[in-house]
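A look at the structure
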Amino acid sequence: MSAAPGTPPDTTSGTPPVEVRRSRRRTRTVSAYRRDGRVVVLIPDRFSRAEEQEWVAKMLGRLERSERRRHRGDDELMTRARQLCATHLPAGTAPTSVRWVGTMTTRWASCTTATGEIRMSDRLRTMPAWVVDYVLLHELAHLVEANHGSRFWALVNAYPRAERAQGFLAGVSHADASGPSELDDVGDDPDL
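These remarks concern the structure in this document. Keep in mind that what you see is a predicted model, and the values were worked out from it rather than measured. (Residues numbered from 1 in each chain as written. Predicted model: local features only at pLDDT ≥ 70, side-chain atom pairs only at ≥ 80, totals over all residues. Heavy atoms only, no water.)

Re helix H2 (residues 129-141)
Each full turn of the α-helix corresponds to 3.6 residues, which orients residues three or four apart in the same direction. The end-to-end C-alpha distance of H2 is 18 Å, a good match for the 18 Å that 13 residues give at a rise of 1.5 Å each. Judged by how many residues are buried, H2 sits mostly within the fold: twelve of 13 residues are covered. For H2, the complete set of buried residues consists of Trp130, Val131, Val132, Asp133, Tyr134, Val135, Leu136, Leu137, His138, Glu139, Leu140 and Ala141. (Helix = DSSP H or I, 4+ residues; strand = E, 2+ residues; numbered from the N terminus. Expected span 1.5 Å × (residues − 1). Buried < 20%, exposed > 50% of the residue type's maximum accessible area, 1.4 Å probe, protein only.)

Focus on the packing of aromatic side chains
The description of two aromatic rings rests on the distance between their centres and on the angle between their planes. Within this structure, the stated rule accounts for four aromatic pairs. Each ring, one from Trp130 and one from Phe168, has its centre 5.7 Å from the other, and the planes form 75°; the classification is edge-to-face. Within this pair, whereas Trp130 is found in helix H2, its partner Phe168 is found in helix H4 (residues 162-175), the two being separated by 38 residues in sequence. Here Tyr134 and Tyr159 contribute two aromatic rings whose centre-to-centre distance is 6.5 Å and whose plane-to-plane angle is 40°, an arrangement assigned as tilted. Within this pair, whereas Tyr134 is found in helix H2, its partner Tyr159 is found in the loop between helix H3 (150-157) and H4, the two being separated by 25 residues in sequence. Neither Tyr134 nor Tyr159 differs from the other in exposure class; each is buried. Taking NZ or CZ as reference, Lys58 lies 4.2 Å from the ring centre of Trp55, over its face. (Phe/Tyr/Trp six-rings, centres within 6.5 Å; stacked < 30°, edge-to-face > 60°. Lys NZ or Arg CZ within 6 Å of the ring centre and 35° of its normal.)

Comments concerning the pattern of salt bridges
Under the definition given, this model contains eight salt bridges. The partner of Arg22 in a salt bridge is Glu52, and the shortest N-O contact between them spans 2.7 Å. Residue Arg22 is found in strand E1 (residues 18-23), and its partner Glu52 is found in helix H1 (residues 49-88); the two are separated by 30 residues along the sequence. When the shortest N-O distance is used, the salt bridge between Asp45 and Arg24 registers 3.8 Å. (Salt bridge = Lys/Arg side-chain N within 4 Å of Asp/Glu carboxyl O.)

Points about the side chain of Glu145
Within the secondary structure, Glu145 is located in the loop between H2 and H3. Its relative accessible area of 18% is what places Glu145 among the buried residues. Each residue touching Glu145, except ones within four places of it in the same chain, is listed here: Arg151 and Phe152. (Contact = heavy atoms within 4.5 Å.)

Describing the pairing of strand E5 (residues 109-112)
Where E5 meets strand E6 (residues 117-121), four bridges bridge the pair, whose relative direction is antiparallel. Paired with Thr112 across the two strands is Glu117, which belongs to E6. Between E5 and E6, which follow one another and run antiparallel, lie four residues, and Gly116 among them has a positive phi close to 80°. (Pairing = 2+ DSSP bridges.)

Quick look at the sheet that holds E1
Strands sit in the order E1-E3-E2 across an open sheet of three strands; the sheet is mixed. Where the open sheet ends on each side, the last strands, each with one partner, are E1 and strand E2 (31-35). Each adjacent strand pair in this sheet contributes to an overall mean axis angle of 25°, direction not counted. The sheet contact formed by E2 and strand E3 (residues 38-44) spans five bridges and is antiparallel. Residue Ser31 lies in a different strand from E3, and its bridge partner there is Leu42. (Axes fitted to C-alpha atoms, helices over the stretch in contact; angles between N-to-C directions.)

Take a look at the structure:
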């Protein structure tokens, strides 16, 4: 079930190639992630081959379930983005992709205007829908107006709960030391 680094992918089974990395410093935890078309599973060095196989199977299952949940969430986010575009932005405005990301720690979201890609911080998932909608609309408005000029803010502030959402996010940022520190004044902040 495990493959050494550099081993070509097994294309005959539905299982991705797996690289198991053992670590003497890792004493109890097991983790897995995808990289370069394979799954990398990190395990303690003390694990027997049977434990290794057991944990590889567990981690493949967990990774698959996590990716299914994330994909389903991304589809829902894209649907909501289309609805917000149709309601609040000029005809023809549409992102190429909208997805949740767990790696965003200093911003609530970001938009790459050149490609139309929008990324939303996983931290937003627990917030009220109207706050998520506001952040999503903020990023979608960048597809119309790349900068934070008056035309941009006119689009964003047309959202009925814009001011309330800005206050909510500022409060969360203030209360959460690990939250984005750039939101002292959300309405004027260049990077939401």
